[in-house]
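Commentary on secondary and tertiary structure
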Number of protein chains: 2
Amino acid sequence: MNFTARLREIQRRQNSLVCVGLDADPAKLPASLSGHADRVVEFNTQIIAATKDLVCAYKLNLAFYEAMGRDGWTILHRTLEQIPDTVITIGDAKRGDIGNSSGFYARALLDDFRFTATTVNPYMGGDSVEPFLKREDRGAFILAVTSNPGARDLQYLRVNGKPLYEHVIRKVKSWNTFNNCGLVVGATKPRELQRIRELAPTMPLLIPGIGAQGGDLALAVRHGCDRSGELAVINASRSVLYASTREDFASAARHAAQQLRDEINGYRIKYFSSLSSLPS
Amino acid sequence: MNFTARLREIQRRQNSLVCVGLDADPAKLPASLSGHADRVVEFNTQIIAATKDLVCAYKLNLAFYEAMGRDGWTILHRTLEQIPDTVITIGDAKRGDIGNSSGFYARALLDDFRFTATTVNPYMGGDSVEPFLKREDRGAFILAVTSNPGARDLQYLRVNGKPLYEHVIRKVKSWNTFNNCGLVVGATKPRELQRIRELAPTMPLLIPGIGAQGGDLALAVRHGCDRSGELAVINASRSVLYASTREDFASAARHAAQQLRDEINGYRIKYFSSLSSLPS
């Protein structure tokens, strides 16, 4: 089954478009975990246990794990072991290199860590992305419009009257032989999200920027979903992980994730007539 | 001392523009090392010992180390311990993320691994690059024109009559407050290299693509150097590492690196009148 079909099936079974970003910052962990030797693993384990029935995906940004030093990759492996295969895992690594080197990155992310999907930077073009697309059941979300202020520096430059990111999307469509390409579009850019969904009506969209970064949730659902009200993967990190910084962090994370899922599902029913109801 | 001045000083002292890419592929190592428990570290250690007086820099592409699994980062640390501080180290990671996450990548590369410089992808713009530029003695080589076929997909798109990579360079110049920005320009693109050296006359250029990728060395020197015949960092990986695949790999690597240095210095004398002679 190709990645897009797999994602759709999981979103239906889980009844959720929520992705929780497991971006644990050791400086922000609850004091109640300070006795644990592996407090990041313990934190992630409790967050996963508390939210795994509420999400379609977990996204792990490798920057956070690399910053933990030599133990970072072990912590990442041990976190991934906690994630059930009822959901997908996204290795948010934003890699991209000449084909030969990208092949090594893909080996690390897809073979060693066994992520279901990755994020990839398009600047180096086709052969830099290709190793992440070799297997139809694994996806790659290619950066289109990112959620940060610097997105304006290059992504919006006009090429033949259209912003650069539209050319990226055109390229990604040409790479999508196996139906396993997706796009990253920040929730902080709702108009661009609408335009991108028009350009790529059947592609999964990974949408970060909800919560701490201030993206509008209603618009993310309305413009990010495909016609069936699916294939948007809406990521929240800090607003779930740090919903409480006390001992009750896991139940607070569950509450935040549940609220997010329900709010999203409310908008799905509102905006997509085919979803007159959803299981609750 | 800012990174650019530091690089210039090291190139003068070492009398070399050569950078050796320590991109060890376990599948390509000499059979004579098969008895070693840590054969990648042993290989790198012998390559460094055989070439350290002939180079200005070592570049370590993180893709190769990440593909080695959980031990990869330890192997990378142990390799870096072998490199003397008479040369610079380049963490070729091509990272780039929203500012908060890029800060974590910079922490890993600059604080933990203590690389002198990194490579950075510009697609996400200013706040994604900024954490790599915070310290004036550490450099960041930002991707401009890469050496791979996919470079054509985005980097050459016309924006206001100029290729996208020229806009990248304009941005990089605006970020170069501390004189610690450099650019990556593939040796496979000599005309672009010439144009980029005109646009950024005093910036370090990291030039991969010599050797296995087929870039022209004479043109790389002629167009890549600044007016003093310096600040080009010319990388060779496979042609040095695998000059011999037998027991004599280290002396063969030394011979290849020496030949490359001397050939480059010959072109420097030919093309830059200020360098009528160089110490040999």
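So, a few notes on the structure that sits alongside this text.

About the thresholds
Residues numbered from 1 in each chain as written. Chains lettered and ligands numbered in written order. Predicted model: local features only at pLDDT ≥ 70, side-chain atom pairs only at ≥ 80, totals over all residues. Least-squares fit on C-alpha atoms with pLDDT ≥ 70 in both. Axes fitted to C-alpha atoms, helices over the stretch in contact; angles between N-to-C directions. Helix = DSSP H or I, 4+ residues; strand = E, 2+ residues; numbered from the N terminus. Parallel < 35°, antiparallel > 145°, perpendicular 65-115°, else oblique. Left-handed = near helix turned anticlockwise from the far one by under 90°. Contact = placed C-beta atoms within 7 Å. Nonpolar A, V, L, I, M, F, W, Y, C, P; charged D, E, K, R; others polar. Buried ≥ 20, exposed ≤ 12 C-beta atoms within 10 Å, placed from the backbone. Pairing = 2+ DSSP bridges. Right-handed = clockwise from strand over helix to strand, strands pointing away. Arc of directions from axis to C-beta. Core = buried A, V, L, I, M, F, W, Y, C linked by C-beta atoms within 7 Å. Expected span 1.5 Å × (residues − 1).

**Considerations on the relation of the copies chain B and chain A**
Placing chain B over chain A gives an RMSD of 0.0 Å and needs a rotation angle of 180°, together with 0.0 Å of translation along the axis. One copy is carried onto the other by what is essentially a two-fold rotation axis. Taking the C-alpha atom as reference, chain B places Val159 of chain B closest to the rotation axis, 2.5 Å from it.

**Points about the packing of helix H10 (residues 217-224) of chain B against helix H12 (residues 249-271) of chain B**
Residues and elements named next belong to chain B. Running from amino to carboxyl end, H10 crosses H12 at an angle of 50°, the nearest separation of the two axes being 9 Å. It follows that H10 is oblique to H12 by the angle criterion. Along this stretch, H10 crosses H12, giving a crossing that reads as right-handed. Facing Leu217, Ala218, Val221 and Arg222 of H10, the residues of H12 in contact are Glu263, Ile264, Tyr267, Arg268 and Tyr271. For the contact of H10 with H12, the per-class residue count stands at 6 nonpolar, no polar and 3 charged.

**Quick word on the interface of chain B and chain A**
Taken together, the 46 residues of chain B in the interface contact 46 residues of chain A. Listing elements by their share of the side of chain B that touches chain A, those giving two or more residues are helix H3 (62-66), helix H4 (72-81), helix H5 (99-112), helix H6 (126-129), helix H7 (151-154), strand E6 (158-159) and helix H8 (164-175) of chain B. The element contributing the most residues to the side of chain B that touches chain A is H5 of chain B, with 7 residues. Its residues placed into classes, the side of chain B that touches chain A shows 19 nonpolar, 16 polar and 11 charged.

**Observations concerning the pairing of strand E8 (residues 181-185) of chain A**
Residues and elements named next belong to chain A. When you tally the buried positions in E8, you get 5 out of 5 residues, the bulk of the element. Residues Cys181, Leu183 and Val185 point to one face of E8 and Gly182 and Val184 to the other, with burial holding for every one of them. Summarising the sheet, strand E5 (residues 139-145) and E8 pair through 5 bridges and their orientation is parallel. Directly across from Leu143, in E8, lies its bridge partner Val184. Inspection of the sheet shows E8 paired to strand E9 (residues 205-207) by 2 bridges, in the parallel sense. Across the sheet, the residue bridging to Leu183 is Leu205, located in E9. Handedness of the crossover is the feature at issue here: the chain leaves E8, passes through helix H9 (residues 190-199), returns alongside E9, and the resulting connection is right-handed.

**Observations regarding the sheet that holds E5 of chain A**
All names here are of chain A. Within the closed barrel, the 8 strands sit side by side as E1-E2-E3-E4-E5-E8-E9-E10. Their pairing is parallel. With direction set aside, neighbouring strand axes in the sheet form an average angle of 30°. The sheet contact formed by E9 and strand E10 (residues 232-236) spans 3 bridges and is parallel. Within E10, the position partnered with Ile207 by the bridge is Ile234.

**Section: H9 of chain A**
Residue and element names in this part refer to chain A. Every buried residue of H9 is accounted for by Pro190, Glu192, Leu193, Ile196 and Arg197. In a view along the axis of H9, the buried residues occupy a sector of 150°, so they form one face of it. When the buried face of H9 is taken as reference, the exposed residues oriented beyond 90 degrees from it are Arg191 and Glu198. Check the buried side of H9 and you find it contacts E5, helix H8 (164-175), E8, E9 and helix H10 (217-224).

**Concerning the environment of Phe132 of chain A**
Residues and elements named next belong to chain A. Relative to the helices and strands, Phe132 is located in the loop between helix H6 (126-129) and E5. Phe132 gets classed as buried once you count the C-beta atoms within 10 Å, which come to 30. As a C-alpha pair, Phe132 and Thr86 span 46 residues in sequence and 22 Å in three-dimensional space. The residues touching Phe132, leaving out its near neighbours within four places in the chain, are Ala106, Thr118, Val120 and Ala140.

**Things to note about the nonpolar core**
General note: in soluble globular proteins, nonpolar side chains tend to be found buried as a group. If you look at the biggest cluster of nonpolar residues, it comprises 188 residues, and the most contacted ones within it are Val18, Ile142 and Leu183 of chain A together with Val18, Ile142 and Leu183 of chain B. Excluding its chain neighbours within four sequence positions, the residues that come into contact with Leu183 of chain A are Phe141, Ile142, Ala144, Ile169, Val172, Ile196, Ala200, Met203 and Leu205 of chain A.

**Some thoughts on helix H5 (residues 99-112) of chain A**
Relative to the 20 Å expected for 14 residues at 1.5 Å per residue, H5 of chain A spans 19 Å between its end C-alpha atoms, a close match to the ideal helical length. Taken together, the buried positions of H5 of chain A are Ser101, Ser102, Phe104, Tyr105, Ala106, Ala108, Leu109 and Leu110 of chain A. Those residues of H5 of chain A hidden inside the fold are in contact with strand E3 (88-95), strand E4 (117-120) and H6 of chain A together with strand E2 (57-61) and H3 of chain B. A positive phi of about 60° marks Arg114 of chain A, the residue just after H5 of chain A.

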